Amino acid sequence: MSSLRHLLRNLAVARPTATPIVRAVPSRAFAARTTRETIASYDTVVTQFKTYKPITPGIRHLRRPLNVHLYKGKPIRALTTALRRKGGRNTTGRITVRFRGGGHRRRIRIVDFARMEPGPYDVVRIEYDPGRSGHIALLKARDPGAEGKARWKYILAPEGLRAGDVVESYRAGLSGSLIQSARSAEDAGDEDAGKKTWSVDEIAKPGKDQSTSDALLIGILRGAIVKLGNCVPIKLIPTGTMVHNVSLDPLGKAILVRAAGTFAQVVHHEENGRYSHIRLQSGEVRKVLSNCVASIGRVSNPLWDDRKLGKAGRNRWLGWRPRVRGVAMNACDHPHGGGRGKSKSNKHPVSIWGWGTKGNRTRKPGPKTNKMVIKERPRGKEKARTA
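Residues numbered from 1 in each chain as written. Predicted model: local features only at pLDDT ≥ 70, side-chain atom pairs only at ≥ 80, totals over all residues. Heavy atoms only, no water.

Participant: Even after reading the chapter, I still don't get the overall build of the protein, so can you show me in this structure?
Facilitator: Scanning the protein for helices and strands turns up six helices and 17 strands. Counting every position in the protein, which comprises 387 residues, the buried fraction comes to 30%. Long-range contacts, defined as pairs at least 24 residues apart, comprise 57% of the intrachain contacts of the protein with a sequence gap of at least 6. (Helix = DSSP H or I, 4+ residues; strand = E, 2+ residues; numbered from the N terminus. Buried < 20%, exposed > 50% of the residue type's maximum accessible area, 1.4 Å probe, protein only. Contact = heavy atoms within 4.5 Å.)

Participant: Any chance you could explain the pattern of salt bridges here in plain terms?
Facilitator: This model, assessed by the stated rule, comprises seven salt bridges. Here Arg-142 ties to Asp-122 by a salt bridge, and the two come within 3.0 Å at their closest N and O atoms. One end of the pair, Arg-142, is in the loop between strand 6 (136-141) and strand 7 (152-156); the other, Asp-122, is in strand 5 (residues 120-127), with 20 residues separating them in the sequence. As a salt-bridge pair, Asp-129 and Arg-132 come within 2.8 Å of each other at their nearest N and O atoms. For Asp-129, a relative accessible area of 2% translates into the label buried. Exposure remark for Arg-132: the relative accessible area of 24% places this residue in the partly exposed category. One continuous salt-bridge network, built from bridges that share partners, spans Asp-112, Glu-117 and Lys-153. (Salt bridge = Lys/Arg side-chain N within 4 Å of Asp/Glu carboxyl O.)

Participant: Quick question: what am I supposed to make of the sheet that holds strand 16 (residues 293-296) here?
Facilitator: Pairing between the strands of a sheet comes from backbone hydrogen bonds, and it takes one of two forms, parallel or antiparallel. With antiparallel pairing, seven strands are arranged side by side in an open sheet as 9-16-10-13-14-15-17. Each end of this open sheet is capped by a strand with a single partner; those strands are strand 9 (231-233) and strand 17 (373-375). Averaged over all neighbouring strand pairs, the angle between strand axes comes to 45°, with direction disregarded. (Pairing = 2+ DSSP bridges. Axes fitted to C-alpha atoms, helices over the stretch in contact; angles between N-to-C directions.)

Participant: Help me out: how do you make sense of the confidence of the model for the protein in this one?
Facilitator: For residues with low pLDDT, the predicted coordinates do not support detailed interpretation. When pLDDT is averaged along the protein, the result is 83; 79% of the residues meet or exceed 70. With pLDDT under 50 throughout, residues 13-38 is counted as low confidence; its partners more than four residues away or in other chains account for 22 contacts. (pLDDT = per-residue confidence, 0-100.)

Participant: Hey, could you run me through the nonpolar core in this one?
Facilitator: In summary, soluble globular proteins display a tendency toward joint burial of nonpolar side chains. Core analysis: the largest hydrophobic core is formed by 23 residues, its most contacted members being Ile-225, Val-232, Ile-234, Ile-237, Val-243, Val-246 and Ile-278. Residue assignment for this core shows that the elements contributing at least two residues are helix 2 (176-182), helix 4 (212-225), strand 13 (264-269) and strand 16. Top element by residues in this core is helix 4. It accounts for three residues. Residues in contact with Ile-225, not counting those within four places in the same chain, are Tyr-170, Leu-174, Leu-178, Asn-230, Val-232 and Leu-236. With twelve residues, the next largest nonpolar core counts Ile-126, Ile-155, Ala-157 and Val-167 among its residues. (Core = buried A, V, L, I, M, F, W, Y, C linked by side-chain atoms within 4.5 Å.)

Participant: Hey, could you run me through the sheet that holds strand 8 (residues 166-168) in this one?
Facilitator: The four strands lie next to each other as 7-6-5-8, forming an open sheet whose pairing is antiparallel. Two strands bound the open sheet, and with one partner strand each, they are strand 7 and strand 8. Going across the sheet, the axis of each strand differs from the next one's by a mean of 45°, ignoring polarity. Pairing between strand 6 and strand 7: five bridges, direction antiparallel. Across the sheet, the residue bridging to Leu-139 is Lys-153, located in strand 7.

Participant: What should I look at first to understand the pairing of strand 16 in this one?
Facilitator: The side chains of a regular strand alternate between both faces of the sheet. Alignment of strand 9 against strand 16, held across three bridges, turns out to be antiparallel. Residue pairing for strand 16: Cys-231 is matched across the bridge by Ser-295. Of the strand pairs in this sheet, strand 10 (residues 242-244) and strand 16 are connected by two bridges, and their pairing is antiparallel. Each bridged residue has a counterpart across the sheet, and for His-244 the counterpart in strand 16 is Ser-295.

Participant: So what exactly am I meant to see when it comes to the environment of Ala-331 here?
Facilitator: In this structure, Ala-331 sits in the loop between helix 5 (312-317) and strand 17. For the pair Ala-331 and Lys-344, spaced 13 residues apart in sequence, the C-alpha separation works out to 9.7 Å. When near neighbours in sequence (up to four residues on either side) are disregarded, Ala-331 contacts Gly-337 and Gly-338.

Participant: What is the right way to look at the side chain of Ser-290 in this model?
Facilitator: Looking at where Ser-290 falls in the secondary structure, it is placed in the loop between strand 15 (285-289) and strand 16. For Ser-290, a relative accessible area of 2% corresponds to the buried category. Side-chain polar atoms of Ser-290 contact the backbone oxygen of Tyr-275, separated by 3.4 Å. For Ser-290, the residues in contact, after removing those within four places along its chain, are Pro-233, Ile-234, Lys-235, Gly-273, Arg-274, Tyr-275 and Ser-276. (Polar contact = N/O pair within 3.5 Å; in protein donor to acceptor, adjacent residues only side chain to side chain.)

Participant: I tried to follow the environment of Leu-256 on my own but got confused; where do I start?
Facilitator: Position of Leu-256 relative to the elements: it lies in strand 12 (residues 254-256). With ten residues separating them along the chain, Leu-256 and Val-246 place their C-alpha atoms 5.0 Å apart. Excluding anything up to four places from it in sequence, Leu-256 contacts Asn-245, Val-246, Leu-248, Leu-280 and Arg-286.

Participant: Would you mind showing me how to read the pairing of strand 6 here?
Facilitator: Burial analysis of strand 6 places five of its six residues in the buried class, which makes it a mostly covered element. As paired strands, strand 5 and strand 6 are joined by six bridges and run antiparallel to one another. Looking across to strand 6, one finds that Tyr-121 is bridged to Ala-141.

Below is the structure:
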């Protein structure tokens, strides 16, 4: 028996061991990898949210967007101001906005939505702003003569903007140095080229009114200025470009498209050059003066809408009080209030002001008053079809 065991042991050592066959199975970014080899394009597991070990009930379902590029320090004190809370009350002391009050103490970040100052600005860092859903970027002017708010400023950070990038505002027109750098070699010797500043109307005039060299130069200039984070007049932005921070006044600040992850799209420029058509996030297409400005890109922090607070107390920290149901109120406080037990007296569900809350139309029929809106946003069944 011992000799047989010795013989079998020798055979096992002498036989070459079989190499295991590992097949490359392409796995999605959200799937767990179970093989030793994967295709290079799928060899990345992207973690988009930060979750916590559920050692307490309040953090079991807590989920936050993962933004490792954010600055962890405090903001510049000179670019902030104190937030004085009103608790949802107007000047007479009456509550006009329900369910507001309390919350953590904050300081408002002074964000530059006008961007009047020309010249290049370096992105110093990306910061968190408690007063808005998107992130903000701290800029520093390269001009040594700039002082005060012209030297340091906050802007709304587009998605993909990082520390070390360079942004610029072309609201006042294009500088002669930029035009001279875009000229061809035979035109580079023009002494007046570097001194001239081209206005927006000269750059964006129709191609039939331009020579071939000017049309080529303007195409190069548009490619040079349409970059992430730049503030550009709308008439210089090519159709199909995603923009944010859209202004409605040629000399006013940006009003539209400022929430986290939102963007608008330039869809058309009219022949006369007075208006441009922009599709907003809601699906509405409206006319905007072509001399108005917009910033290139979409607003940062697109995963903000998918976060989970985890507990009611975290909502109180944000300044929101509990939202009370109408049937739980008294009859003098809500149309659903009063009575014995849970009862709304067989009435149609309405708001506290009396209009229906189940999709009843409240808008006045007939022609619409806003003539700047070309196509209204989808509502009702049309919105459900597009979702």
